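# Summary of the model geometry
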2 protein chains.
Amino acid sequence: MANFSSRRQAVLEVMQKMRCHPSADMVYEECRKTIPNISLATVYRNLAFYEKQGLVGRVVGCDNKERYDVEMDTHCHIICTKCGEVMDMDYPQKLKQYLDDYCKQEGFSKFGLSFYGLCDNCKSNQNGNDNLKEL
Amino acid sequence: MANFSSRRQAVLEVMQKMRCHPSADMVYEECRKTIPNISLATVYRNLAFYEKQGLVGRVVGCDNKERYDVEMDTHCHIICTKCGEVMDMDYPQKLKQYLDDYCKQEGFSKFGLSFYGLCDNCKSNQNGNDNLKEL
DNA sequence: ACAAAAATGATAATTATTTTTATTTTTATA
DNA sequence: TATAAAAATAAAAATAATTATCATTTTTGT
């Protein structure tokens, strides 16, 4: 059954291998390493395909690109207000259960929690600018 | 001091009057009702300006537009997985305090919580399609 | 009143994403 | 295995949202 085409499989494998929250073009660049002539549209199409399946989700960072993520629902995110990087984080103690229950009780299909702040990298390269939009 | 230009003021007033989470072009259309020759660029510029001040925040709905919101931090959001509408919601009991404390403790500057599901409107116009991307 | 700084409108440019179309690959079935 | 139908693809064009540019206007501080 669900035997995907080679390109389609590649997109998922690349997503699973990348330990980050790539934008579509990052996935594209990564795919090209093994499939040099894959098209960007194919990456977009397959990310949308997997999103519909629930295998891939979208996170929204501080830049204006969509970021994609495998394994949603298991973790929340820290989003750097300076560089836009998205990092995984375990839910704070007890919170996951609380939100799961609440969600079920109210009939929501899912939830997303993000914390905003400087990532370690930007923290050490401090220049007092805690805002992407600054020039 | 902070005596803004008339256009800049208008953008904020419109935002405060609109009881929704408008995209930039929605704010633009609303502004044009009183200032017919205001420019879309001015709306974008001033939304960015207020965002930097922390007076306006961005929410992300299910469509690919940025949605803007005044009074962040007081409420969380329900995002309709069908029409993309963003609605305000009070934080579930005790949750706000918990998250505020956690945030302060960990040194994050803010957080955002969203629940996903069908809005009442889409619930009643049921057609089994719980996904914007469906055709 | 006047010079300097900031904001604006109009439009062009950019960027991300989606659509289109002709072609190729995959799938199902005979 | 051969073959017709369906699905997926590459490449490019189209679309849509946002940002940048620049000449002009408005605001600010003195």
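As a starting point, this report considers the structure included with it. These numbers come from a predicted model, not from an experiment. (Residues numbered from 1 in each chain as written. Chains lettered and ligands numbered in written order. Predicted model: local features only at pLDDT ≥ 70, side-chain atom pairs only at ≥ 80, totals over all residues. Heavy atoms only, no water.)

## Looking at the protein's contact with DNA strand C
Residues in close proximity to DNA strand C total 18 residues, the closest being Tyr44 and Lys65 of chain A together with Ser5, Arg7 and Thr42 of chain B. The share of sugar and phosphate among atoms of DNA strand C within 4 Å of the protein is 73%. The side chain of Ser5 of chain B places a nitrogen or oxygen atom 2.6 Å from a phosphate oxygen of DNA strand C. Take Ser39 of chain B: an N or O atom from its main chain is 3.0 Å from a phosphate oxygen of DNA strand C. Every element with two or more residues in the surface near DNA strand C is listed here: α3 (40-53) of chain A together with α1 (6-17) and α3 (40-53) of chain B. For the surface near DNA strand C, the leading source of residues is α3 of chain B, giving four residues. Considered class by class, the residues forming the surface near DNA strand C number five nonpolar, seven polar and six charged. (Near = heavy atom within 4 Å. Polar contact = N/O pair within 3.5 Å; in protein donor to acceptor, adjacent residues only side chain to side chain. Helix = DSSP H or I, 4+ residues; strand = E, 2+ residues; numbered from the N terminus. Nonpolar A, V, L, I, M, F, W, Y, C, P; charged D, E, K, R; others polar.)

## Quick look at the sheet that holds strand β5 (residues 110-117) of chain B
Strand order across the open sheet formed by six strands is β4(A)-β3(A)-β5(A)-β5(B)-β3(B)-β4(B), with mixed pairing between neighbours. The open sheet terminates on both sides in strands that have one partner only, identified here as β4 (86-89) of chain A together with β4 (86-89) of chain B. Strand-to-strand twist in this sheet, taken as the mean axis angle between neighbours without regard to direction, amounts to 30°. Where strand β3 (residues 76-80) of chain B meets β4 of chain B, four bridges bridge the pair, whose relative direction is antiparallel. Counterpart to Ile78 of chain B in the pairing with β4 of chain B is Met87 of chain B. With respect to the sheet, helix α4 (residues 95-106) of chain B is in contact with β4 and β5 (110-117) of chain A together with β5 of chain B, its orientation differing from that of β5 of chain B by roughly 140°. (Pairing = 2+ DSSP bridges. Axes fitted to C-alpha atoms, helices over the stretch in contact; angles between N-to-C directions. Contact = heavy atoms within 4.5 Å.)

## Comments concerning the packing of aromatic side chains
On inspection of all chains with the given rule, the structure shows 12 aromatic pairs over all chains. Taken together, a centroid distance of 5.5 Å and an interplanar angle of 85° make the contact between Phe4 of chain B and Phe49 of chain B edge-to-face. Here the residue Phe4 of chain B occupies a position in the segment before α1, and Phe49 of chain B occupies one in helix α3, the gap between them amounting to 45 residues. For Phe49 of chain B, a relative accessible area of 21% puts it in the partly exposed group. Every member of this aromatic cluster is reached through a ring pair, and the members are Tyr91, Tyr102, Phe108 and Phe111 of chain A together with Phe115 of chain B. It is Lys110 of chain A that lies over the ring of Tyr116 of chain B; its NZ or CZ is 4.9 Å from the centre. The ring of Phe49 of chain B has Arg8 of chain B sitting right over it, with the charged end atom 3.7 Å from the ring centre. (Phe/Tyr/Trp six-rings, centres within 6.5 Å; stacked < 30°, edge-to-face > 60°. Buried < 20%, exposed > 50% of the residue type's maximum accessible area, 1.4 Å probe, protein only. Lys NZ or Arg CZ within 6 Å of the ring centre and 35° of its normal.)

That's the geometry; what it means functionally is another story.
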